[in-house]
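Chains, contacts and geometry: an overview
The residues making up each chain are set out below.
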Amino acid sequence: MADKQQLLIGAAINYEKVASDSKYKSIVKSEFNMVTVENDMKFTSIHPARKQYDFNKADVVVNFALMNNLRVQGHTLVWHNRIPDWLLRGHYSKEEMKRILKDHIQTIVRHYKNKVYAWDVVNEAFNDDGSLRDSIWLRTIGSEYIGLSFQWAHEADPKALLFLNDFGIEGLSDKSTAVYRLISSLKMQGIPVNGVGFQMHYSISKEFNADNVKRNMKRYRDIGVEVHFSEVDIAVPGNDPNMETDIQGDLYFKLLNTCLNSKGTCTAFIVWGVTDKYSWLPKEKSPLIFDQRFRKKEAYEALVDALKQ
Ligand code: G3I
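Residues numbered from 1 in each chain as written. Predicted model: local features only at pLDDT ≥ 70, side-chain atom pairs only at ≥ 80, totals over all residues. Heavy atoms only, no water.

1. Quick notes on helix H9 (residues 174–188)
Along its 15 residues, H9 runs 21 Å from first to last C-alpha, staying within 8% of the 21 Å computed at 1.5 Å per residue. Summarising the contacts, the buried residues of H9 are in contact with helix H8 (145–156), strand E5 (161–166), strand E6 (195–198) and helix H10 (210–222). One or two residues past the end of H9 sits Gly 190, with phi positive at roughly 80 degrees. (Helix = DSSP H or I, 4+ residues; strand = E, 2+ residues; numbered from the N terminus. Expected span 1.5 Å × (residues − 1). Contact = heavy atoms within 4.5 Å.)

Written out as structure tokens, the structure reads:
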């Protein structure tokens, strides 16, 4: 159904489960047309020492996806989190940090050239007030690290789509406007930014303002930037399971519907995990569309309903 709507419907997946759980794999193969590599491409996993890259786990995930005709979103080249000690404690100069980051980005992007369809190049670079978030990259290289990262990734694989990914930027706010302005200004300088990822880690009490998100997507459409709903999950914190699964389903429906109403701009809807059993959130929050026993939830049916329309 997603193929017919020209929508990518994805799930974040991990090596550990791909290597060990055949049921998990069969759901990924049959229910999605895209995956995001949830953890195995993060800095600590893939670049554990200055001169050492470890592609083993991410390769298994990427090969599994490609063998099953699933597009791959690489996640994530530049982030403040999951930085290894060798880098944190290295006391490198600005020029050394630029060399390290360029080497990091280009070694990984080249390794997955023609395999990874889109990259989350820079992840979570902003604070809520729209200023740039403190990180080892901002402190050592300065704000230019963002544009440089996109340029370096583009040099390594000119065909890969390049995304900036963040949370709290789907509606109109100081943060989302700062992200929008940065992306427009990078594009005006000729720096290739193809898309923006709205993470959307929600809970059922979230008041979702579809109109606001639509208006935000419209400004990206106007500058030719795609949108992914890149890390969707909806936590259920409370204690009335029946009522709450309804609310969860309704909210999943609204999110996908909002994406589908901006066809051509909103090109992917990605859930942050496959089953509640393996979510990054505590199991009892049951945030995903398959339950702990891998059964389809109301949330799954809600997505089907949205796709039917
Ligand atoms: O793989 C090791 C395992 O070997 C070890 O025994 C275990 C003990 O703690 O840790 C395992 O690693 C954990 C990993 O998840 C895999 O389960 C890390 O400690 C843990 O920090 C890591 O958390 C991930 C988190 O990012 C930090 O990288 C979550 O799974 C992942 O869902 C989450 O994803 C982030 C996105 O990248 C960015 N946006 C927000 C999103 C949710 O926080």
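2. Brief notes about the state of the cysteines
In the structure shown here, the tally under the stated rule is one disulfide. A sulfur-sulfur separation of 2.1 Å characterises the disulfide bridge that pairs Cys 259 with Cys 266. Disulfide Cys 259-Cys 266: the torsion about the S-S bond is -100 degrees, which places it as left-handed. Each member of the pair, Cys 259 as well as Cys 266, is classed as buried. (Disulfide = S-S within 2.5 Å. Buried < 20%, exposed > 50% of the residue type's maximum accessible area, 1.4 Å probe, protein only.)

3. Side note on the side chain of Arg 133
Structurally, Arg 133 can be placed in the loop between strand E4 (118–123) and helix H7 (136–140). No salt bridge forms around the buried Arg 133; measuring N to O, its nearest opposite-charge neighbour Glu 124 is 4.6 Å away. Setting aside its immediate chain neighbours within four residues, Arg 133 contacts His 80, Glu 124, Ala 125, Phe 126, Asn 127, Leu 138 and Phe 167. (Lys, Arg positive; Asp, Glu negative; His and termini not counted. Salt bridge = Lys/Arg side-chain N within 4 Å of Asp/Glu carboxyl O.)

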